[in-house]
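Coordinates in review
Listed below are the residues making up each chain.
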Amino acid sequence: MATKTGEGFSSSFGAIMAAAGSAVGLGNIWRFPYICGRYGGGAFLMVYICFVFFIGMILMMSEFVIGRRTGEDPVKAYPKLKPERPAWRFVGLIGLITCFLILSIYLVISGWTLNYFYESAVGTLASIQDSDFGVHFNEFASSVWRPVLFIAVFLALTALVVIGGVEKGVERVSKLLMPILVVLIFLLCIRSVTLKGASAGLTYLFHPDFSKLTGEGILAALGQALFSLSVGMGVMIVYGSYLPKDENILKTSIWITVCDFLIAVLAGVAIFPAVFACGQDPTGGPGLVYQVLPVVFNSMGTIGRVFSIIFFLLLTLAALTSAISLLEALTQWLSGEKLKRTMSAIIMSLIVFVLAAAASFSFGDGIWSGFKISGLQIFDFLDKATGTILPPVCALLTIIFFGWVMNKEDIVDELSNHGTIKVGYFKVFYYFLARFVAPVALLVVLVAGIING
Ligand code: PHE
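Residues numbered from 1 in each chain as written. Predicted model: local features only at pLDDT ≥ 70, side-chain atom pairs only at ≥ 80, totals over all residues. Heavy atoms only, no water.

Quick look at the nonpolar core
Counting 164 residues, the largest nonpolar core has Trp112, Tyr239, Tyr290 and Phe311 as its most contacted members. Apart from residues lying up to four places away in sequence, tyrosine 239 is in contact with Phe9, Ala18, Ala19, Ser22, Phe64, Val170, Ile324, Ser325 and Glu328. (Core = buried A, V, L, I, M, F, W, Y, C linked by side-chain atoms within 4.5 Å. Buried < 20%, exposed > 50% of the residue type's maximum accessible area, 1.4 Å probe, protein only. Contact = heavy atoms within 4.5 Å.)

Here's what the structure looks like:
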């Protein structure tokens, strides 16, 4: 079946780079290290690996199958596969709403990152005293216009790529940026592990401390696995609809998952040894990257400034390819015969910009910080909803649809590219995971998480 808009990725390499570009983002480099640090390092890593490979990867394959089989956006894809159960379209809808909410806070953090890239490049960060970085970050993030300005610039870049189209925009930019990103992260890792006292950071990252791995930590690991692989909200259904017909879905998903996982671990390797070598606090939480790393860079002298520029550039580029996928999902859904891609992307960008600005105003001591939704500031509310609640719910419904509602023949036909490639025993194993293991694990973690508050 042709895609809704007739667009698609032109090559296997391009498709993998675009999907990996979506997966590798702030989740890997900003979020993974601090969550891993908070919930027991190696202990968290073990649980995370299980969730990534037994749930996240399975979902990615399933979303690719649903997307490529139908060539539709997530809202139309479900009823197209099961016309007699049209209510399944709501799963697609919840996914898109999740994308919208994620994009709004993603933009806030991307705006901070772009600002830090700018401040490293012009030398502002290098002139700040070590003890002042916390204040600097809070003052900046809680201020009114500066964060919003950077959000606007970042969003404009994202929208330009999406307007460029699937092949000439999304695919081309991902093919260029992803290899650069890999080189940058390796450079940072080498510098970090060769610092004096770096080994304590590696121990911290890989040594399991089970006392810190709480129930909340396990739910966080699941949320992080889904978030990091960009699954559980329909983005991979969208990219699946652009996959070439001869792409091997099983292999592609394995590649992307491994790549995403390794980059998260490499981000930990780039960050923790440096943090320890400079005597900083590894449990710095969300501020780790903005408050602790600049201290580390400043302690390295002139070369530190170069590494600071490289790091924040890396983070900005990683965020860009992920934001592109979120905006692409929303744009694909909105565009149709009446509304062209350009107009759809612009409308979506304007709406999401308003929510992003509201989230930014509510952050920290911002002007809207007093406004609360169920006791949380707008930013924290969105972070919680999109980090731990909505993606697991949507993922659970998707996998139930895949394993129990969709026709098995359709699945096998799509996985084997109409019988032209062998999928062997893996097909059986995968189907078993999708039908039993993934839904039960998702349900248990979700219910336990909700009960524990
Ligand atoms: N996977 C991206 C990251 O790790 C975030 C993302 C989530 C992108 C959902 C698209 C959809 O940063």
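That shown, we press on.
Remarks on the state of the cysteines
The full count for this structure, using the stated rule, is zero disulfides. Cysteine 36 takes part in no disulfide bond, and the closest cysteine sulfur to it belongs to cysteine 50, at a distance of 14 Å. Cysteine 36 gets classed as buried once you look at its relative accessible area, which sits at 0%. No disulfide involves cysteine 99; its sulfur sits 8.4 Å from the nearest other cysteine sulfur, which is in cysteine 394. (Disulfide = S-S within 2.5 Å.)

So, the side chain of threonine 158
Looking at where threonine 158 falls in the secondary structure, it is placed in helix α7 (residues 145–164). Apart from residues no more than four positions distant in its own chain, threonine 158 is found in contact with Leu320, Ala323, Ile324 and Leu327. (Helix = DSSP H or I, 4+ residues; strand = E, 2+ residues; numbered from the N terminus.)

Let's talk about the site of the ligand
Of all residues adjacent to the ligand, which total 15 residues, the nearest are Ala23, Gly27, Tyr106, Phe227 and Ser230. Separating a nitrogen atom of the ligand from a backbone N or O atom of serine 22 is a distance of 3.2 Å. A distance of 2.9 Å is found between an oxygen atom of the ligand and a backbone nitrogen or oxygen belonging to alanine 23. Protein chains bury 100% of the 330 Å² of accessible surface belonging to the ligand in isolation. Among the elements of the structure, α1 (12–23), α2 (26–38), α10 (215–228) and α14 (302–334) are those that each provide at least two residues to the shell around the ligand. For the shell around the ligand, the per-class residue count stands at seven nonpolar, eight polar and no charged. (Near = heavy atom within 4 Å. Polar contact = N/O pair within 3.5 Å; in protein donor to acceptor, adjacent residues only side chain to side chain. Areas by Shrake-Rupley, 256 points an atom, 1.4 Å probe, with all protein chains shown as cover. Nonpolar A, V, L, I, M, F, W, Y, C, P; charged D, E, K, R; others polar.)

Keep in mind these values describe shape, not function.
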